[in-house]
Amino acid sequence: MTDLGLYLAKKSINKAEVARRTGISKSRISQLSSNPTTKLRAEELYLISLAIDVDPCEVMKELYGDVKLPN
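The notes below deal with the structure included here. Everything numeric in this text was worked out from a predicted model, so none of it was measured. (Residues numbered from 1 in each chain as written. Predicted model: local features only at pLDDT ≥ 70, side-chain atom pairs only at ≥ 80, totals over all residues. Heavy atoms only, no water.)

1. Topic: helix H1 (residues 3-10)
Thought 1: All buried positions along H1 are accounted for by Leu4, Gly5, Tyr7 and Leu8. Relative to the axis of H1, the buried residues are bounded by an arc of 160 degrees and lie together on one face.
Thought 2: Buried residues in H1 make contact with helix H2 (15-22), helix H3 (26-34), helix H4 (42-51) and helix H5 (56-64). (Buried < 20%, exposed > 50% of the residue type's maximum accessible area, 1.4 Å probe, protein only. Helix = DSSP H or I, 4+ residues; strand = E, 2+ residues; numbered from the N terminus. Arc of directions from axis to C-beta. Contact = heavy atoms within 4.5 Å.)

And the structure:
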């Protein structure tokens, strides 16, 4: 499961409802939730955030908060 998949599960978000509200296909939502090699696009992150009524910055921090600048 991906960080997005874990986030949606933790928040008890219905992925089919997210797909319906965002226009992102169910299969794409499933890929984003389960396949770690699938890249989440900024537009998708923004649409998902709007659909679940969460600030996009909160979602981004949750998903990418461990990313650091190289020394």
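2. Topic: the pattern of salt bridges
Thought 1: As enumerated under the stated definition, the model contains 5 salt bridges in all.
Thought 2: With a shortest N-O distance of 3.7 Å, Lys11 and Glu58 are connected by a salt bridge. On the criterion of sequence distance, the pair formed by Lys11 in the loop between H1 and H2 and Glu58 in helix H5 is long-range, its members being 47 residues apart.
Thought 3: According to the relative accessible area criterion, Lys11 is partly exposed, its value standing at 38%.
Thought 4: For Glu44, the salt bridge identified is with Arg28, shortest N-O distance 2.7 Å. Highlighted residues: Glu44 in helix H4 and Arg28 in helix H3, separated in sequence by 16 residues. The burial state of Glu44 is the same as that of Arg28; both residues are buried.
Thought 5: One continuous salt-bridge network, built from bridges that share partners, spans Arg28, Arg41 and Glu44. (Salt bridge = Lys/Arg side-chain N within 4 Å of Asp/Glu carboxyl O.)

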